[in-house]
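# Structural overview for review
Listed here are the chains, written in short residue letters.
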Amino acid sequence: MYKIVNKRALNSTVTLMEVEAPHIAKKAKAGQFIIFRVDEQGERVPLTIADYDREKGTVTIIFQIVGASTKLLNDLNVGDSILDFVGPLGVPTHVDPDVKRVCVIGGGVGNAIAYPQAKALHNAGLQVDMIAGFRSKDIVILEEEMKAVTDHLYIMTDDGSYGEKGLVTNKLQELIDVGNQYDLVIAIGPVIMMKFVAATTKPHNIKTLVSLNPIMVDGTGMCGGCRVKVGGKMKFACVDGPDFDGHEVDFDELMHRNTFYKEQEGQAREHVCHLTGGKRHG
Amino acid sequence: MANMALKKVPMPEQAPDVRNKNFAEVAEGYTAEMAMEEASRCLGCKHKPCVSGCPVNVHIPEFIAKVAAGDFAGAYQEIALTNALPAVCGRVCPQETQCEGKCVRGIKGEPVGIGRLERFVADWQMHNGDSKVEKPAGNGHKVAIVGAGPAGLTCAGDLAKMGYQVTVYEALHAAGGVLIYGIPEFRLPKDIVAAEVGKLEQMGVEIKTDWIIGRVESIDELFEQGYEAVFIGSGAGLPSFMGIPGEDLLGVYSANEYLTRINLMKAYKEGYDTPIARSKAVAVIGGGNVAMDAARCAKRMGAEQVYIVYRRSMEELPARAEEVHHAMEEGIVFKLLNNPTRIIGDENGRVQAMECVEMELGEPDASGRRRPIVKEGSEFTMEVDTVIMSIGTSPNPLIRSTTPGLEANKHGCLIAQENGATTKEGVYAGGDAVTGAATVILAMGAGKTAAEAIDEYIKSKE
């Protein structure tokens, strides 16, 4: 059992949780993920590690309440425990030593993962710009934190209710056009966003890393559910990723495969939300 | 005088058209009377050919003699001397190619039902026997085991019996490996696996689930923590796919994923959140035990049509004879000498059909089996909405890539000697991580052999 030691709502649908898992905190690195299972009947759900504290022995996760599993997780409070919490999984983000200037791009809850990447690069002495995209003002998260670890922070909203109106790719294109020379772009967010970031950087030949979130069951290199096509070859996100070269990823296939259980997930969510009021037992 | 009946005492089973709709165990097990009657078919051969066919050297004629005499507790003690998981072996071993394949009674008639008797004894012990397991006196040495599957659990049990303090690290949330994520409930009930694991824990074996060796700790770090030897039984690894068009369509699974969703994640049970395809027509590609398990699960999940598509003939089919027999009884259709060439999707990218070609057998290939050759112009299409690939696996790269000095062959399988010793001192390995996908009992045999080698290695350092 893994105890929740801190919980904070970042907005109405995004929650931060700090979980006691000293053995994971000891080894976790940016870009890796954990798998949680709330209770015996729950699914195994992968989440990228948002932060870790080696001394306190805690791992921070930030998740959006999108389905039955994240709803059940969100119903737990400080002092409660998660049944299973396993990691660190996947290959840590690899940044070449000759990279000097980076643009980190986050979309929605993906900013929760883009932020620690920006922080790590900033702390390593790199020049970091960040473009953080949100649907609207009320779901903006981690603004102060992101500002503190970046040379420039650009907030974009779809509806213009905060920051600048537009997509992250509009801002990226603009920054490239005015002559910013990035050695690396890191994009973390919805697949469609990562696809268009990669399409934006490709003509300029800017190396682009994306963090993929395919369907996964065990997450340890056994089930093969997380297979993605990268450079025309089959890769497994759990052991070969989750970071991949954005110019090589078949994003359309990934988006398509991620829809497989949409209907059943909807039913499970309905079940958890309405029939049981969020609790599994009564 | 031995019972000279030519046939085994029949195993009580759920009727095929009943059991193919539920996940309860197919074979219901012998009663005490049936077991004693079957045991009396054993001739008690002095040269014990059956034992030579057993990877863990179960004292077969000895335990059977005790069953025949009605001394079931004594029979259990006899089996437990060499086999840490008898309730499992009695159910899933390919006896026809092992102990029973060597049985003298099999020359004329059916061999003695050794597997059924082993199962009976293990089940009897579980229900009637003294469930308390003595914790052996410690010898002060620590061994770490990576992976709580058949190889790791067997190695752990044998080392614990010798007095070693054993910790088993398991990546999944439950111990058992393929016994819990792969082999279905109807062939191996999970409470039996849990009971066997519980016995190991009573012997003092510590099992740490949710623990990824290679990430949380490297093998070298385990040595730094005071373990004097490490056994790697990390299993078969990632599933292979055919590389044909359409494998990215919705409705294409690896057998590993399909079985994990159903067995480990209990997609068949009411109240569990695990999603799974609600299939009507399923093609399982491959002819091994895993393919049989996937096909029989698909039938139980409600599929109307389930096919095994295998590129060779019935003769080469590698699955255990009983599984093939049970699958056929349950209405699984065997499309032999057929090979998929393409999976076809509908407008939503879901599987709609599969194109196959017919095959014929040519000259024997490197595996000694006759090589299947495509019959030109034999393309045909099967209407299916789910395709399950069960054509093998390749080892997980995690441990070999994080352990300097640990070498693997070109397929990624760890290189190990006969006794399990790898290319790194103090590190032993066995099971599918070494051999590639094989059977539970071979993995157990490897775990057993490695336990002896580890004992010798640690003693030699003193």
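Residues numbered from 1 in each chain as written. Chains lettered and ligands numbered in written order. Predicted model: local features only at pLDDT ≥ 70, side-chain atom pairs only at ≥ 80, totals over all residues. Heavy atoms only, no water.

## Description of the nonpolar core
- Core analysis: the biggest nonpolar cluster contains 80 residues, and I60, F63, V67, L117, L159 and I454 of chain B have the highest contact counts within it.
- Here this core takes 10 residues from helix α17 (residues 440-461) of chain B, the largest share from any one element.
- Core analysis: the next-biggest nonpolar cluster, separate from the first, contains 56 residues, L175 and A237 of chain A together with M382 and M389 of chain B among them. (Core = buried A, V, L, I, M, F, W, Y, C linked by side-chain atoms within 4.5 Å. Buried < 20%, exposed > 50% of the residue type's maximum accessible area, 1.4 Å probe, protein only. Helix = DSSP H or I, 4+ residues; strand = E, 2+ residues; numbered from the N terminus.)

## Looking at the interface of chain A and chain B
- At the junction of the two partners, chain A supplies 44 residues and chain B supplies 42 residues.
- Between chain A and chain B lies a buried interface of about 3,800 Å² when both sides are counted; carbon and sulfur atoms form 55% of it.
- The tally of links from chain A across to chain B stands at 2 salt bridges.
- The partner of K26 of chain A in a salt bridge is E217 of chain B, with the nearest N and O atoms 3.6 Å apart. (Contact = heavy atoms within 4.5 Å. Buried area = accessible area lost by both parts, 1.4 Å probe. Salt bridge = Lys/Arg side-chain N within 4 Å of Asp/Glu carboxyl O.)

## What about the packing of aromatic side chains?
- Following the criterion strictly, the structure yields 11 aromatic pairs over all chains and no others.
- Seen from their ring centres, F260 of chain A and Y261 of chain A are 4.4 Å apart, and the 35 degrees between their planes marks the pair as tilted.
- A relative accessible area of 12% places F260 of chain A in the buried class.
- We classify Y261 of chain A as buried; its relative accessible area is 2%.
- Taken together, the aromatic side chains of F260 and Y261 of chain A together with Y253 and Y258 of chain B make up a single cluster linked through ring pairs.
- Directly above the ring of Y227 of chain B sits K142 of chain B, whose terminal nitrogen or CZ lies 4.6 Å from the centroid.
- Lying across the ring of F186 of chain B, R300 of chain B places its NZ or CZ 3.7 Å from the centre. (Phe/Tyr/Trp six-rings, centres within 6.5 Å; stacked < 30°, edge-to-face > 60°. Lys NZ or Arg CZ within 6 Å of the ring centre and 35° of its normal.)

## Observations regarding the sheet that holds strand β4 (residues 229-232) of chain B
All names here are of chain B.
- With parallel pairing, the 5 strands of this open sheet are ordered in space as β3-β2-β1-β4-β16. Sheet topology places β3 (206-208) and β16 (427-429) at the edges, where each strand pairs with a single neighbour. Going from strand to strand, the sheet's axes swing by 20 degrees on average, the running direction of each strand aside.
- In the sheet, strand β1 (residues 142-146) pairs with strand β2 (residues 165-169) via 5 bridges, with the strands oriented parallel. Paired with K142 across the two strands is Q165, which belongs to β2.
- Lying over the sheet, helix α8 (residues 150-161) contacts β1, β2, β3 and β4, oriented at roughly 165 degrees with respect to β1.
- Sitting on the sheet, α17 is in contact with β1, β4 and β16, with an inclination near 170 degrees to β4. (Pairing = 2+ DSSP bridges. Axes fitted to C-alpha atoms, helices over the stretch in contact; angles between N-to-C directions.)

## What to know about the sheet that holds strand β8 (residues 84-89) of chain A
Residue and element names in this part refer to chain A.
- Ordered in space as β4-β3-β8, the 3 strands form an open sheet in which the pairing is antiparallel. A single partner strand is all that each edge strand has here, and the edge strands are β4 (45-48) and β8. On average, each strand axis in the sheet is tilted by 25 degrees relative to the strand beside it, whichever way the strands run.
- In this structure, strand β3 (residues 33-37) lies alongside β4, joined through 4 bridges in antiparallel fashion. Paired with F33 across the bridge in β4 is T48.

## Some words on α8 of chain B
Residue and element names in this part refer to chain B.
- End to end, α8 covers 17 Å across 12 residues, agreeing with the expected 16 Å (1.5 Å per residue, within 8%).
- Taken across its 12 residues, α8 has 11 buried, putting it largely inside the fold.
- Restricting attention to buried positions, one finds in α8 the residues P150, A151, G152, L153, T154, C155, A156, G157, D158, L159 and A160.
- Directly beyond the C-terminal end of α8, a positive phi value near 105 degrees is found at G163. (Expected span 1.5 Å × (residues − 1).)

## Brief notes about the domain arrangement of chain B
All names here are of chain B.
- Each assigned domain of chain B is listed with its residue range as follows: domain 1 (16-128), domain 2 (142-237 + 399-461) and domain 3 (242-391).
- Taking only C-alpha atoms, the centre of domain 1 and the centre of domain 3 are 31 Å apart.
- In total, domain 1 and domain 3 occlude about 1,100 Å² of area from one another, counting both sides; carbon and sulfur atoms represent 54% of this.
- On the domain 1 side of the interface with domain 3, the three residues burying the most area are R19, N20 and F23, jointly 53% of the side's total.
- Inspection of the region where domain 1 meets domain 3 yields 2 salt bridges.
- For E330, the salt bridge goes to R19, with nearest N and O atoms at 2.5 Å. (Domains from an automatic or database assignment.)

## Thoughts on the domain arrangement of chain A
All names here are of chain A.
- Once the domains are mapped, chain A shows domain 1 (2-89) and domain 2 (101-257).
- Measuring from the centre of the C-alpha atoms in domain 1 to the corresponding centre in domain 2 gives 21 Å.
- Summing the contributions of domain 1 and of domain 2, the shared interface buries around 1,500 Å²; its carbon and sulfur component is 63%.
- Linking domain 1 to domain 2 there are 1 salt bridge.
- For the salt bridge of K119 with D51, the shortest nitrogen-to-oxygen distance reads 3.5 Å.
- The interface formed by domain 1 and domain 2 contains 4 residue pairs in polar contact (both at pLDDT 80 or more).
- Those elements that provide at least two residues to the side of domain 1 that touches domain 2 are β1 (2-11), β3, β4 and β6 (58-64).
- Residue composition of the side of domain 1 that touches domain 2, by class: 11 nonpolar, 4 polar and 3 charged. (Polar contact = N/O pair within 3.5 Å; in protein donor to acceptor, adjacent residues only side chain to side chain. Nonpolar A, V, L, I, M, F, W, Y, C, P; charged D, E, K, R; others polar.)

## Section: the pairing of β6 of chain A
Residues and elements named next belong to chain A.
- Among the 7 residues in β6, 6 count as buried, and that is most of the element.
- Summarising the sheet, strand β2 (residues 14-20) and β6 pair through 7 bridges and their orientation is antiparallel. Looking at the pairing, E20 lines up with T58 of β6.
- Bridging between strand β5 (residues 51-53) and β6 involves 3 bridges; their strand directions are antiparallel. Bridge assignment links Y52 to a residue of β6, and that residue is V59.

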